[in-house]
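# An overview of the molecular structure
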Amino acid sequence: MNLSSICEIMRKLVPVIILFFSLNASAQTTLGISGTIIDSNTKLPIELASVQLLQDSIVVKATATDRKGKFMLEKVTPGKYVLAFTFIGYEKRLDTVNVAGQKVNTGVIALSSSSKQLKTVVVLSRKSLLNSSIDRKIYNVGQDVMSGSGSASDILTNIPSVEVDIDGNISLRGSTEVMILINGKPSPQMGKSRAEVLEQMPANTIERIEVITNPSAKYLPDGTSGIINLVMKKNSKTGFNGSAIANAGNKDRYNGSISLNYSPGRINLYGNYAIRRDNRSRMNIINRQQLDSTGKIQGYYDEPNQSLSKPLGHKATIGAEYALDLHNCIGGSLNYSYRFMKKEDVVNKYFYNLNHDLIQQYDRLRYDPETEIEKDATIFWQYNFNIEGHEIRFEYNKAIQDEVEDNHYTNVYKYPLAPNSYDNTLIKHSENLDHFAIDYSRPISENSRLELGYDGSFTLQKPVYYGEFYDITMNKFVKDPMKTNNFIYEQAINALYATYQYNYSKFGYLAGLRMEQSDIDATLVTKDSVITNNFFKLYPTIHLSYKLPHGDIQLNYSSRVYRPEADDLNPFPEYRDPRNLRVGNPKLLPEITNSVELGYKYQDDKVSFVPSLYYSYKQYAFTEVITKLDDSTLLTTQQNLSNDQSSGLELIFSAKPAKFFSVNLNANFFYNTIDASSLGFSSKKSIVSMSATFNTIFAITSGTMLQISSNYRSAQLTPQGKLYASFVFNSGLRQDLFKKKISITLTGSDLLRTLEQKTELNTSFLNQTIMSKRDAQILYLGVSYHFGKLLKKSNEEKMQFDNSL
């Protein structure tokens with residue numbers, strides 16, 4: 001029995017497992033103490049309050065409250081105790097408690113504010129840069145020195161399993177089919193232009209980045225390799241707090257941000273604004289051998305080109321949350337993002353015959369001012385029942401995105417000499433996204449929990465292309481019907497999900513099932529035709545765990561999908577380069593993946609080690625295929641492979657051997673097999689690849705921190721060629737001053753100037769090599785200022801099932 005058969009059996013068994021355990025799991029209660037701590041005046045929950053269980057003045061157990069003010073002390077032996085409740089700025093409270101034959105719930109504990117005036121509190125300890133579990137990595141962006149001046153893409157390069165190529169494209173465990181969410185929700189920004197958006201998104205607006213390779217059924221199944229969730233900053237400290245950051249870089253680069261929040265009690269108001277100006281220079285060299293039907297060389301083509309762009313981005317957020325009482329909380333936020341980019345390209349084209357004699361030469365010049373605007377709004381209402389963890393949340397999100405590319409092309413003919421020719425292409429892409437979610441969670445017993453929910457996502461995309469050329473006889477630009485088209489893409493996804501979590505002694509499981517109806521209509525307005533694709537599918541998931549003396553072991557399974565977007569389906573060519581056309585495929589099927597992951601986590605006070613074995617089997621995997629239209633024109637489109645299998649070993653090592661030194665090392669080895677027989681290739685292709693990330697921090701003094709990071713990616717396989725290895729090295733230094741109110745940072749990326757990408761294409765009609773480089777050696781000097789009365793210390797994220805995004 002092969003692994004793909006095992007995946008199919010697990011997919012069929014998961015619903016049975018869910019039903020079996022839901023009907024037969026009986027809670028075996030253990031003695032414990034739980035309760036909720038609130039402010040006596042505002043009636044709001046107090047997060048991170050200290051709870052100590054004392055017996056004869058000796059601390060027996062201790063914990064801290066969560067964001068809802070709730071606490072739990074587990075495995076308490078029978079007896080009489082004293083509970084001590086404390087938090088900065090509040091009077092200490094002592095309560096006696098008697099633990100007998102059942103679990104004790106103290107109910108609501110109200111703490112009164114202290115009459116003493118608080119001074120500024122400075123927390124000297126830091127969060128860990130990386131918290132890793134078997135199927136989840138949490139990267140605390142604020143602990144990365146590069147976050148003060150870098151972009152989201154810069155930070156993503158430091159995260160285990162995540163790779164960013166020279167074009168800014170994101171991949172997870174070697175696959176680009178990854179779902180990127182913002183605050184746990186889909187966003188139009190993370191569609192076609194997400195690489196450019198992430199390169200322009202300031203890293204200092206991000207609180208943390210969560211990477212989940214096998215999410216539960218609660219979350220969208222999109223993204224066959226998993227989910228990357230960007231959790232944006234939303235300050236909730238009491239009083240008035242804020243920060244301001246300014247950075248200046250080489251070659252006219254600069255960025256800055258300001259963040260404010262005000263929380264006097266029941267209400268929390270927050271907002272931030274960021275601006276980022278970049279300067280990007282890129283060089284490509286294309287060398288092509290053209291082959292005849294017998295495989296012999298019949299001509300050569302060279303294309304050196306240079307591209308310069310200067311993007312300017314603005315991003316603003318305002319939001320509010322209001323606790324009506326202990327049970328009801330409402331809130332909302334507004335986000336606005338504006339990005340302007342002026343692109344200037346110079347492409348030199350040389351055509352040679354078999355003897356390397358020049359037969360044609362011309363330059364194609366491009367001037368393209370681009371704008372992209374996104375506006376989104378979110379509102380929510382959450383009701384907390386009397387039982388701890390029993391809650392329901394309603395949330396609605398509306399996002400609108402408008403993007404315009406105004407391309408102006410000039411062809412300058414140098415050999416043989418000819419008059420210049422001109423053509424323009426105006427591309428307007430609009431997208432509307434409505435997302436509505438209902439999430440319900442209820443503890444069934446002390447050891448089990450049930451989650452139910454509805455998830456509705458409704459997308460409307462309208463890419464419009466208008467092409468024109470300059471008619472010399474008419475002395476004006478006229479419409480080009482070949483380059484003009486109108487395409488409408490509508491997608492409605494309605495989903496119901498259920499997950500059931502159960503823990504017994506050292507064993508636990510989380511089983512889930514997502515039922516999804518997907519309705520897609522693609523309208524070719526220019527040709528007056530409609531392509532529909534409606535289907536219903538079940539996406540089962542299961543997570544099994546077993547606790548060991550120094551860690552956990554997990555076995556996870558999930559079924560996921562990667563859906564084609566509007567550009568993947570649009571059959572009209574994009575004429576950015578008339579000799580290298582790109583076109584969608586209206587017959588492209590969704591990619592379905594079944595994945596299994598087995599991992600172990602070892603954890604002690606100084607070392608964390610997480611090895612994981614994983615396997616995925618893809619049906620109808622996407623791949624780019626290049627075909628020949630004529631002797632000088634190539635066509636690139638998306639096609640479905642017969643199947644794609646990959647397996648790998650991931651190793652994540654984190655250690656803090658001394659107070660002044662910590663290190664994170666990740667290595668990912670994977671074996672990929674591609675079956676492209678459906679595309680006319682007779683044999684399978686396989687390759688062993690690896691990637692590695694190294695990140696270390698030296699606390700030279702209590703206020704001086706040096707960070708060194710690097711990442712390496714080996715060669716990877718494509719159906720028609722391969723992608724060569726790459727390496728990059730970054731570093732940063734931060735100096736804190738005046739009790740950490742002010743920080744000065746110096747950062748440098750690609751310090752060794754090694755960032756480049758080489759791709760190779762081999763077909764029956766073509767041999768091609770592309771070498772791409774960009775001016776990625778970027779230096780920034782920056783300063784940040786933090787103000788506010790109280791800095792609260794957050795809990796470290798613990799290993800757990802997939803319970804939040």
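Check the entry above for the structure.
In this report, the structure presented in the accompanying data block is examined. From a predicted model like this one, the values you see are computed outputs, not experimental measurements.

### Side note on the overall build of the protein
- A tally of regular secondary structure across the protein gives four helices and 47 strands.
- Oriented by its inertia axes, the alpha-carbon framework of the protein measures out at about 95 × 60 × 50 Å.
- Residues classed as buried in the protein amount to 51% of the 805 residues present.
- Within the protein, contacts between residues at least 6 apart in sequence are counted, and of these 66% link residues at least 24 apart.
- In the form shown here, the protein has an accessible surface area of approximately 35,900 Å², with 58% of it arising from carbon and sulfur atoms.
- Seen as two clouds, the 88 positive and the 82 negative side-chain charges of the protein have centres 7 Å apart.

### Section: the pattern of salt bridges
- Summed over all chains, the structure comprises 38 salt bridges.
- Residues Asp167 and Arg282 are paired through a salt bridge, measuring 1.9 Å at the closest nitrogen-oxygen approach. On the criterion of sequence distance, the pair formed by Asp167 in the loop between strand E10 (162–164) and strand E11 (170–172) and Arg282 in strand E18 (residues 280–291) is long-range, its members being 115 residues apart.
- By relative accessible area, which is 29% here, Asp167 ends up partly exposed.
- The salt bridge partner of Glu372 is Arg339, with a shortest N-O separation of 2.2 Å. With Glu372 in strand E22 (residues 358–384) and Arg339 in strand E21 (residues 328–352), this pair connects stretches of sequence that are 33 residues apart.
- You can call Glu372 buried: its relative accessible area is 4%.
- A network of salt bridges, in which partner residues are shared, links Glu196, Arg339, Lys343, Asp345, Arg366, Asp368, Glu370, Glu372 and Glu405.

### A closer look at the sheet that holds strand E8 (residues 130–132)
- Pairing is mixed in the open sheet, where five strands are placed in the order E8-E9-E13-E14-E12. Edge positions in the sheet fall to E8 and strand E12 (179–182), since each has one partner strand and no second. Direction aside, neighbouring strands of the sheet carry axes that sit 15° apart on average.
- Two strands pair when backbone bridges link them, and strand E13 (residues 206–212) and strand E14 (residues 227–232) are joined in this way by six bridges, in the antiparallel orientation. Residue pairing across strands places Ile212 opposite Ile227, the latter belonging to E14.

### Brief notes about the sheet that holds strand E2 (residues 50–55)
- Within the open sheet, the four strands sit side by side as E3-E2-E5-E6. Their pairing is antiparallel. Strands at the two margins of the open sheet, each flanked by one partner only, are strand E3 (58–64) and strand E6 (93–99). With strand direction ignored, the average angle separating the axes of adjacent strands in the sheet is 25°.
- Examined bridge by bridge, E2 and E3 share six bridges and lie antiparallel to one another. Bridge pairing links Ser50 to Ala64 in E3.

### Looking at the nonpolar core
- Counting 32 residues, the largest nonpolar core has Leu156, Ile170, Met201, Ile209 and Ile228 as its most contacted members.
- If you list the elements that add at least two residues to this core, you get helix H2 (152–156), E10, E11, E12, helix H3 (194–200), E13 and E14.
- Excluding residues within four positions of it along the chain, Leu156 makes contact with Val162, Val164, Ile170, Leu198, Ile209 and Ile228.
- Counting residues in each nonpolar core, the second largest holds 21 residues, with Ala49, Leu53, Tyr90 and Ile109 among its members.

### Concerning a nonpolar patch on the surface
- A surface patch of nonpolar side chains, amounting to about 690 Å² of accessible area, comprises Phe507, Tyr546, Leu548, Ile553, Leu555, Leu598, Leu613, Leu649 and Phe669.
- Elements supplying a minimum of two residues to the nonpolar patch: strand E29 (529–548) and strand E30 (551–562).
- Position of Leu598 among the secondary structure elements: in strand E33 (residues 591–603).
- Overall, the relative accessible area of 41% leaves Leu598 in the partly exposed class.

Calculation rules
Residues numbered from 1 in each chain as written. Predicted model: local features only at pLDDT ≥ 70, side-chain atom pairs only at ≥ 80, totals over all residues. Heavy atoms only, no water. Helix = DSSP H or I, 4+ residues; strand = E, 2+ residues; numbered from the N terminus. Buried < 20%, exposed > 50% of the residue type's maximum accessible area, 1.4 Å probe, protein only. Contact = heavy atoms within 4.5 Å. Areas by Shrake-Rupley, 256 points an atom, 1.4 Å probe, with all protein chains shown as cover. Lys, Arg positive; Asp, Glu negative; His and termini not counted. Charge placed at Lys NZ, Arg CZ, Asp CG, Glu CD. Salt bridge = Lys/Arg side-chain N within 4 Å of Asp/Glu carboxyl O. Pairing = 2+ DSSP bridges. Axes fitted to C-alpha atoms, helices over the stretch in contact; angles between N-to-C directions. Core = buried A, V, L, I, M, F, W, Y, C linked by side-chain atoms within 4.5 Å. Patch = residues over 30% accessible without salt bridge, like charges linked within 9 Å, V, L, I, M, F, W, Y side chains within 5 Å.

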